[in-house]
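# Fold and contact review
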Amino acid sequence: MGVDEVKVTSDPSGSRPRARPQSVFHSIKFFVLCHSLLQLAQLLVSGYMKSSISTIERRYGLSSQKSGLLAAFNEVGNTILIIFVSFFGSRVHRPRFIGGGAVLAGLASLLMALPHFLSGLYDYSSHTSSASSHNSTGLCQSTIDFSTSSSNQSCSRQQSPAQERVYPLLLLAQLLLGVAAVPIQPFGISYIDDHASKRNSPLYLGIVFAVTSIGPALGFITGSLMLRFYVDFDKLSTDEIRLDSRDLRWVGAWWLGFLVASGLLFLAALPYLFFPRVMPREDGADDAESKPDEQQQTNPLQHLSLVQFLKSFPRIALRTLQSPIFLLVVLAQVNLAALLAGLATFMAKFIERQFSQTIPFSTMMIGGVGIPMAVLGAILGGVLMRRLNLSVSGASKLCTIAILLCVFSSVPLLLIGCSTQRVAGVFPPDPDALSCSSSCGCPQDVFNPVCGSDGVEFRSPCHAGCNVVEMANHKVTNYTECRCVPGLGHAAPGTCGSGCAHLLRPFMVLLGITSFIASFSQTPSYIMILRTVPTEDKSFAVGVQYMLFRVLAFMPGPVLYGSVIDTTCLLWGRKCDKQTSCLYYNLDRFRQRFLGLQVVFVCGGLLCFLLTIVVLRRTTRRQEPEEDRKGEYELVTEQKTPAPSSRGTEEKGMKT
């Protein structure tokens, strides 16, 4: 051994080739690559869930409030467990915990898709699809009891135990997805910061954030692709599929993306089984020796027991919330987070209804325009703050200006849209509108919309009084001899639409601008939080911040938006004497209340940032001139100093 060591040291040129090759799992660069891919897959599931929520709502007859609760339920498990991340920190084998979280997320994704395999075929209109062959197209008939037996058979399938367990299964899957996400990002960030060099740590973390920011957009784009396939394409032949994606009854293959995401998560989890608990630091012994001291300074919680930690958490959280700047900035961020949570969940549904677009196309608009513009705004906000070398006061002014501009760009969105198309017996309300088809015996729960040649929409060919159907290639092309349609008496299958398709382009331009401007405040507001709390409380401060996000924004936001949307419903669907999802909305109220809630949250954020400026000015006036200048200088120089201790502290704060 000694001879070999002498040979190695005496022959510098040959020392590297003869050195024992280091495993790729001892490279922090490889860990950064693996963690970027894992977070990309994890956030792809989150984005895909948001893109599929309106389809799941239609498939299983949920109200918007229920679908909003489903979308937000993953935050429940996350919120309950996230505070323990601060305690466990580096006490556990972080790579294995991350891998375990990834495996659990993969299993939860499989559980999300399970209801499709437990349920029967999608019965989009029981009376037109399962009635007798004489009325398989839902035409006007003189008898009223033709579909009783078939309807009872359909209801028995709908009320099967498997069907009734669908919603609890979906909630459980969302809960597990939230639990699985707890260790992935905090432990990954802290592991990178602990083992990367001081110089490269910010670069590696920037790469992780940049890659993972693509995840939600990729989820929406994946949703757009998957929802182009019919939900039961695996159970039916092509000839048996009678709907197309423009039909209001269309349900895409929402479950397919969860299977794909599950496979990606399982693959991404594999490398974490082989990463060591501690790996060599990148730039040698000097850096490694300085690290323990730094950890002791920045994370004093490592010496507390679990009971001591739980006792100290409320006390330090209360002390942190007593800082007016911290509280105001977090409340501003909560307003913007609630706005984001609601829009991400229901904006695709709004575009579909308001502008008469298909669900896949509406989803693509969010993933291809809205989210990328928000990511770009967040990046440029950080660049602008660094370029201008802003202090805390300057950051508060930048946030205020950004949100003020956001108000000006979001208010015009309220004016872009059209009223609900005329639907006989539904909008405008007219009890005599369907007297012409009263003798047809139309089932009250049938939904197979047709558009009359006079531009009036009917819930079904039966409600339009149609007697003849024209078909080509096993698909309906036209209905004729319709009693309730004046003139030619023709009706085309499908909805008449709102007539607002031409307004989609200006709407998306304004929405993209609003997303871009609003996200400008993300980085400056985050820096304000880190600069206005004591160093020893930074980890707790960020932990409290994210917990408030979940409790006040991410959990109630989608439920609130869903409840508001439900108040605009004109006609609820019914199946087996139970209320299902909404069939028609009052589009004016939908637009005003849905986007009006967005304006309310933006104004709430603006008010909080304005109060932040006021508090900072009052604090400055109370200080002595010398102390005032010194304090401002310190805040600015904190940005200039490249010392990674500040950076490491900020990034370690994200562990909570």
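Residues numbered from 1 in each chain as written. Predicted model: local features only at pLDDT ≥ 70, side-chain atom pairs only at ≥ 80, totals over all residues. Heavy atoms only, no water.

## Topic: the pairing of strand S3 (residues 468-472)
Taken together, the 5 bridges between S3 and strand S4 (residues 475-480) define a ladder with antiparallel strand orientation. In the sheet register, Ala472 faces S4, and the bridge partner there is Lys475. Connecting S3 to the antiparallel partner S4 that follows it, the hairpin turn spans 2 residues, and Asn473 within it adopts a positive phi of roughly 55 degrees. (Pairing = 2+ DSSP bridges. Helix = DSSP H or I, 4+ residues; strand = E, 2+ residues; numbered from the N terminus.)

## Quick word on the environment of Ala71
When you line up the elements, Ala71 lands in helix H4 (residues 64-72). Along the sequence, Ala71 and Thr345 sit 274 residues apart, while their C-alpha atoms lie 7.2 Å from each other. Setting aside its immediate chain neighbours within four residues, Ala71 contacts Lys50, Ile53, Gln174, Thr345 and Pro558. (Contact = heavy atoms within 4.5 Å.)

## Comments concerning the packing of aromatic side chains
Overall, the coordinates contain 29 aromatic pairs when judged by the stated rule. Ring geometry for Phe355 and Phe507: centres 5.1 Å apart, planes at 50 degrees, overall tilted. In this pair, Phe355 sits in the loop between helix H17 (324-354) and helix H18 (359-388) while Phe507 sits in helix H20 (residues 504-518), placing the two residues 152 residues apart along the sequence. One exposure class covers both Phe355 and Phe507, and it is buried. Here Phe590 and Phe594 contribute two aromatic rings whose centre-to-centre distance is 5.9 Å and whose plane-to-plane angle is 80 degrees, an arrangement assigned as edge-to-face. Here Phe590 and its partner Phe594 are both found in helix H24 (residues 587-622), 4 residues apart, which amounts to about one turn of the helix. When sorted by exposure, Phe590 lands in the same class as Phe594, which is buried. Ring-pair connections join several aromatic residues into one group, and the members of that group are Phe350, Phe355, Phe507, Tyr561, Tyr585, Phe590, Phe594 and Phe601. For the cation-ring pair, Lys66 lies above Tyr167, with the distance from its terminal atom to the ring centre recorded as 5.5 Å. (Phe/Tyr/Trp six-rings, centres within 6.5 Å; stacked < 30°, edge-to-face > 60°. Buried < 20%, exposed > 50% of the residue type's maximum accessible area, 1.4 Å probe, protein only. Lys NZ or Arg CZ within 6 Å of the ring centre and 35° of its normal.)

## Things to note about the confidence of the model for the protein
With 80% of its residues at a pLDDT of at least 70, the protein reaches an overall mean of 80. The lowest-confidence element of the protein is helix H8 (residues 126-130), averaging 40 in pLDDT; the highest-confidence one is helix H14 (residues 254-269), averaging 95. For the stretch residues 126-136, pLDDT sits under 50, and the model shows 24 contacts to residues farther than four places along the chain or on other chains. (pLDDT = per-residue confidence, 0-100.)

## Thoughts on the state of the cysteines
Counted according to the given criterion, the structure contains 7 disulfides. Cys140 shares a disulfide with Cys440; S-S distance 1.8 Å. Residues Cys140 and Cys440 are joined by a disulfide whose S-S torsion is about -85 degrees; by sign, that bridge is left-handed. In this pair, Cys140 sits in the loop between H8 and helix H9 (148-158) while Cys440 sits in the loop between helix H19 (392-410) and strand S1 (450-452), placing the two residues 300 residues apart along the sequence. (Disulfide = S-S within 2.5 Å.)

## Description of helix H7 (residues 94-118)
Think of an α-helix as turning once every 3.6 residues; residues three or four places apart then point the same way. Relative to the 36 Å expected for 25 residues at 1.5 Å per residue, H7 spans 36 Å between its end C-alpha atoms, a close match to the ideal helical length. Of all the bends in H7, the greatest reaches close to 30 degrees and is centred on Met112; the proline Pro115 follows between one and four positions later. (Expected span 1.5 Å × (residues − 1). Bend = angle between axes of the 7 residues up to and from the residue.)

## Quick look at unusual backbone geometry
Here the amide bond leading from Phe427 into Pro428 is cis, since omega sits at -10 degrees, within 30 degrees of zero. Of note in this structure, Ser356 is not a glycine but carries a positive phi near 55 degrees. With respect to the element layout, Ser356 can be found in the loop between H17 and H18. Positive phi outside glycine occurs at Asn389, with the angle close to 55 degrees. With respect to the helices, strands and loops of the structure, Asn389 is situated in the loop between H18 and H19.

## A closer look at the packing of helix H3 (residues 28-59) against helix H13 (residues 214-226)
For the pair H3 and H13, the least separation of the axes is 7 Å and the interaxial angle reads 50 degrees. Judged on the interaxial angle alone, H13 and H3 are oblique. As H3 runs across H13, the sense of the crossing is right-handed. Contacts between H3 and H13 pair Leu40, Leu43, Leu44, Gly47, Tyr48, Lys50 and Ser51 from the former with Ile214, Gly215, Pro216, Leu218, Gly219, Phe220, Thr222, Gly223 and Met226 from the latter. In terms of residue class, the contact of H3 with H13 is made up of 9 nonpolar, 6 polar and 1 charged. (Axes fitted to C-alpha atoms, helices over the stretch in contact; angles between N-to-C directions. Parallel < 35°, antiparallel > 145°, perpendicular 65-115°, else oblique. Left-handed = near helix turned anticlockwise from the far one by under 90°. Nonpolar A, V, L, I, M, F, W, Y, C, P; charged D, E, K, R; others polar.)

## Comments concerning the pattern of salt bridges
Under the counting rule described, the total for this entry stands at 6 salt bridges. For Asp194, the salt bridge is made with Arg94, and the minimal N-O distance between the two is 2.8 Å. Taken together, the residues Asp194 in helix H11 (residues 166-195) and Arg94 in helix H7 connect sequence positions 100 residues apart. Of the residues examined, Asp194 reaches a relative accessible area of 5% and is grouped as buried. A salt bridge links Arg591 to Asp588, with the shortest nitrogen-to-oxygen separation between them at 2.9 Å. Residue Arg591 and its partner Asp588 are both found in helix H24; the two are separated by 3 residues, about one turn of the helix. (Salt bridge = Lys/Arg side-chain N within 4 Å of Asp/Glu carboxyl O.)

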